[in-house]
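Working through the structure, step by step
Letter by letter, the chains look like this.
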Amino acid sequence: MIDVEGQTVPWWRSGVIYQVYLRSFADSDGDGIGDLVGLLGKVDYLARLGVDAVWVSPFYLSPQEDNGYDISDYDQIDPVFGSEDDLQALIDALHAHDIRLIVDLAVNHTSVEHTWFVESRQPGSARRDWYWWADEPTNWESFFSGSSWEYDEVAGAHYLHVFGVGQPDLNWENPEVRAEVAALMGRWLDRGVDGFRLDVINFVSKDVDAGGGLRDAPAAPGQVLADGRDGFVNGPRLEEYLQELDQRVFERTTRRGEPVVSIGEMPDVTIDLARRITAREEGSLDMVFSFEHVDLDHEPGDKWRSRPTRPAEAVANLARWQIGIGSGWNSLYWSNHDQPRAVSRWGDPDRFRVASAKTLGTVLHLMRGTPFIYQGEELGLPGARWRNRADLRDVESLNYLASAVAAGEPERDVLERIACVGRDNARTPMPWDGSPQGGFTTGNPWIAMAPGHRGLDAQSQEADGASVLAHYRALIALRHEHSVIVEGTFTLLEGTDPDTVVYRRELTGVSLLVVARLASTGGALPALGPAADGRLLLSTHPEAGSRAHLEPWESRVLLFDDATSAP
Ligand code: ISL
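The paragraphs below set out a description of the structure included in this document. None of the values given here were measured: they were computed from a predicted structure.

With that out of the way, let us pick up the overall build of the chain. Secondary structure assignment for the chain yields 17 helices and 24 strands. Over its C-alpha trace the chain gives a radius of gyration of 23 Å, about what one expects of a compact globule, namely 24 Å for 567 residues. For the chain, the spread of C-alpha atoms along the three principal axes comes to 75 × 55 × 50 Å. Taking all 567 residues of the chain together, the buried fraction comes to 60%. Put simply, 70% of the contacts in the chain that link residues at least 6 apart link residues at least 24 apart. By element, 49% of the accessible surface of the chain is carried by carbon and sulfur atoms, the whole surface being about 20900 Å². One finds the centroid of the 51 positive side-chain charges in the chain at a distance of 4 Å from the centroid of its 88 negative side-chain charges.

As structure tokens, this is what we get:
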């Protein structure tokens, strides 16, 4: 807890969270897969970066069909990632540096190998309705291609899986399921973790009909499968279920004596729902991951069909959320293990990698909300752009490739789309140093190192005061230092140039101005009035001074101690 203007603020309001995709972070035992001991060895790096918490991708027991988002036992650590002792050592080391550990929990679905599902399949099982079984499946298409239903011989019925075939959806209508989820979360708090990132938590309430069944979605002409999201996204009992979790789990205190942090991943969440769910007093979650800004650059509901989008449009969208979230709280992110890397998606990795990575970081981090850094984003890493089938690992991409090719599309066209938005492009191992496997592993990495990361490793950036890494450190430090960044109001200033963004944060007499050029061309500095007199806190082009011209991807952060002198 820190004090901002006499109010006690929980750490996550003034903090920055770092996302670790464990299997690609650091491998301690040479099997080519990152693990808990590998992460333990990098705690000093995280402490030097200055982050307040790490969110670690799932490391529970899992057949790894979806890299751990298919959990077969919530109480065991998958041996590929380490042991219970490794976890305790990691928690202790993180806590010794005041860094919290947030675990990633997928409870919308389990793995087919979970004993609950194994029992549920048995005819007459007491756990039968822990999952969704149907004789007549709906026409919903899975996120990972094909039908969302799979016929199971043992059960003699179809089960619902909105993600992979190995990821059956739990039936949250059943109170026993909800009680068990709360109980297992409690056991993770007992282990000393500080909070949860809840995978697709807004999918847990299904829109059932009077008979308790699920309904078909309207299909496009000539199509058998349809977009079923209306049947399970932001469903009718979602807020009730979250309130229940809040009472049972989130109101507890962590071993460190802090409130449990709760972060809901919510594709297709609306601003209104996000505001209600995260409202300061009555909200059940601390923050959500919303998706509007990362859904702008593709066709609605089809991530594979790109739509040209200016980065300034994504910033304008985030700005709309800044206002719309009201007394609630949002997470701020460009990147994660599901999204293309930011500098490749919105920046210019070939001509202005450093400046575009820094400026994208700046516009995001100085907004109101909790910034998230996805491993390697602080190095300004570009995406891998895998375009050969042999380089792909992700179930989503492999299924999409198979189904698009089966539907008659030329393989190279499909691979080209996967090279842009396939999830493997952001999942390559962290480059720690200049050695052949980047210091990630002494063995063969489970997915190849991205050739384009050579020379961008953490070791060389730590030695370079002008690196993207140095800029991210500065951004994190600014949030810790200036309460205007934490609690200040937000105003997007209207300009005339569609590629230049200016916003202002204000808090009792202090104001902060962010000016950013989001294009690979230069532009005029917007008329800022006396703003040029502000104190320059951070900039991408220190040599530019107060020139009335912005370089490609230039950004400046100015502080005014007397709000009246700000524009
Ligand atoms: O990756 C996506 C689309 O390509 C997203 O729609 C993603 O599926 C969605 O954000 C949900 O993601 C989460 O749940 C999935 C898992 O595969 C993702 O890695 C996880 O972040 C199923 O558990």
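The rest of the description comes next.
Within a sheet, neighbouring strands are paired by backbone hydrogen bonds and run either parallel or antiparallel to one another. The antiparallel open sheet is built from 5 strands, whose spatial order is E18-E19-E20-E24-E22. The open sheet has two free edges, formed respectively by strand E18 (489-493) and strand E22 (535-539), since each of these has just one partner strand. On average, each strand axis in the sheet is tilted by 20 degrees relative to the strand beside it, whichever way the strands run. Where E18 lies against strand E19 (residues 500-507), 5 bridges are found, and the strand directions are antiparallel. What sits directly across from Phe-490, in E19, is Arg-505. Each of E18 and E19 is contacted by helix H10 (residues 311-324), which is oriented at about 145 degrees to E18, the strand it contacts most.

Moving on to the nonpolar core. By size, the foremost hydrophobic cluster in this structure holds 102 residues, and its most contacted members are Tyr-18, Phe-59, Trp-172, Met-185, Trp-188 and Phe-196. Sort the elements by how many residues they give to this core and helix H6 (residues 175-190) lands first, with 7 residues. Among residues more than four places away in sequence, those in contact with Met-185 are Leu-105, Phe-196, Leu-198, Leu-245, Val-249 and Phe-250. If you look at the next biggest cluster of nonpolar residues, it comprises 32 residues, including Ile-485, Leu-537, Leu-538 and Trp-553.

Right, let's talk about the site of the ligand for a bit. Every one of the 17 residues lining the ligand counts as a neighbour, but Asp-66, Asp-199, Lys-303, Asp-338 and Glu-396 are closest to it. Within the side chain of His-337, one N or O atom sits 2.9 Å away from an oxygen atom of the ligand. About the coverage of the ligand: the protein hides 93% of its 490 Å² of free accessible area. Partitioning the shell around the ligand into residue classes produces 5 nonpolar, 3 polar and 9 charged.

Another point: H6. Helix length check: H6, at 16 residues, gives a terminal C-alpha distance of 23 Å against a target of 22 Å (1.5 Å per residue), a fit within 8%. When we look at burial in H6, the residues that qualify are Val-177, Arg-178, Val-181, Ala-182, Leu-184, Met-185, Gly-186, Trp-188 and Leu-189. The backbone nitrogen of Glu-176 lies 2.8 Å from a side-chain oxygen of the residue at the head of H6, namely Asn-174. Gly-192 occupies a position one or two residues after H6 and carries a positive phi of about 105 degrees.

Okay, the packing of helix H7 (residues 238-250) against helix H8 (residues 271-278) next. The geometry of H7 relative to H8 is characterised by a closest axis approach of 11 Å and an angle of 25 degrees between their N-to-C directions. With respect to each other, H7 and H8 are oriented roughly parallel. Here H7 and H8 pass one another in a crossing that is right-handed. Residue-level contacts link Leu-238, Glu-239 and Leu-242 of H7 to Leu-273, Arg-276 and Ile-277 of H8. Split into classes, the residues belonging to the contact of H7 with H8 amount to 4 nonpolar, no polar and 2 charged.

Turning our eyes to something else, we now look at the environment of Gly-534. With respect to the helices and strands, the residue Gly-534 is situated in the loop between strand E21 (523-524) and E22. Look at Gly-534 and you get buried, because its relative accessible area is 13%. Separated by 93 residues in sequence, Gly-534 and Thr-441 place their C-alpha atoms 47 Å apart. Residues contacting Gly-534, with those up to four places away along its chain left out, are Leu-558, Leu-559 and Phe-560.

If you check the backbone angles, Asp-98 has positive phi at about 60 degrees while not being a glycine. As for its placement among the helices and strands, Asp-98 is situated in the loop between helix H4 (84-96) and strand E7 (100-105). Judged by relative accessible area, Asp-98 falls into the partly exposed class, the value being 46%. Of note, the phi angle at Ser-145 is positive, near 75 degrees, even though the residue is not glycine. Summarising the element assignment, Ser-145 is placed in the loop between strand E8 (133-134) and strand E9 (149-152). For Ser-145, a relative accessible area of 18% gives the class buried.

Moving on, we come to the pattern of salt bridges. Here the structure, examined in full by the defined rule, presents 46 salt bridges. A salt bridge links Glu-462 to Arg-48; the shortest N-O distance between them is 2.9 Å. A residue pair is termed long-range when its members are at least 10 positions apart, and Glu-462 in helix H15 (residues 458-462) and Arg-48 in helix H3 (residues 43-49) qualify at 414 residues. The class for Arg-48 is partly exposed, based on a relative accessible area of 46%. Measuring nitrogen to oxygen at the nearest pair gives 3.0 Å for the salt bridge that ties Glu-416 to Arg-387. Of this pair, Glu-416 sits in helix H14 (residues 411-421) while Arg-387 is found in the loop between strand E17 (370-374) and helix H13 (395-406), placing the two residues 29 residues apart along the sequence. Take Glu-416: its relative accessible area is 34%, and that puts it in the partly exposed class. Given a relative accessible area of 38%, Arg-387 falls into the partly exposed group.

Reading the values: rules and limits
- The numbering scheme is per chain: residues are counted from 1 as the chain's sequence reads.
- With the structure being a predicted model, the display of local features is reserved for residues of pLDDT at least 70 and the display and counting of side-chain atom pairs for 80 or more, all residues being used for whole-chain, interface and lining totals.
- Calculated side-chain values reflect all of the structure's heavy atoms, with hydrogen atoms and water omitted.
- Each helix is a run of H or I in the DSSP string that is no shorter than four residues. Each strand is a run of E no shorter than two, and both are numbered from the N terminus.
- The size measure is the radius of gyration over C-alpha atoms, and the globule rule it meets is 2.2 Å times the number of residues to the 0.38 power.
- Note on exposure labels: buried denotes an accessible area under 20% of the residue type's maximum, exposed denotes more than 50%, and partly exposed covers the range between, all computed with a 1.4 Å probe on protein chains only.
- We call two residues contacting when some pair of their heavy atoms lies within 4.5 Å.
- Computed by Shrake-Rupley with a 1.4 Å probe, the accessible areas treat only the displayed protein chains as cover when residues are assessed.
- The convention is simple: Lys and Arg are positive, Asp and Glu are negative, and His and the chain ends are not counted.
- To locate a charge, the coordinates of NZ of Lys, CZ of Arg, CG of Asp or CD of Glu are taken.
- The rule for pairing is simple: two strands pair if DSSP sees at least two bridges between them.
- Between N-to-C directions, angles cover 0 to 180 degrees, with each direction set by a line fitted to C-alpha atoms, over the stretch in contact for helices.
- In this text, buried Ala, Val, Leu, Ile, Met, Phe, Trp, Tyr and Cys residues form a nonpolar core when linked through side-chain atoms within 4.5 Å.
- Nearness is judged by heavy atoms alone; a residue qualifies as near a molecule or strand once a single heavy atom is within 4 Å of it.
- Any pair of N or O atoms that falls within 3.5 Å is considered a polar contact. Within protein, one atom must be able to donate a hydrogen and the other to accept it, and sequence-neighbouring residues count only if both atoms are side-chain atoms.
- Residues are grouped as follows: nonpolar covers Ala, Val, Leu, Ile, Met, Phe, Trp, Tyr, Cys and Pro; charged covers Asp, Glu, Lys and Arg; every other residue, Gly included, is treated as polar.
- Under the convention used throughout, the expected extent of a helix is 1.5 Å for every residue step, that is, one less than its residue count.
- By the definition adopted for this analysis, an angle is roughly parallel if under 35 degrees, roughly antiparallel if over 145, roughly perpendicular if from 65 to 115, and oblique otherwise.
- Should the near helix be turned anticlockwise from the far one by less than a right angle, the crossing is termed left-handed; should it be turned clockwise, right-handed.
- The salt bridge definition used is simple: a Lys or Arg side-chain nitrogen within 4 Å of an Asp or Glu carboxyl oxygen.

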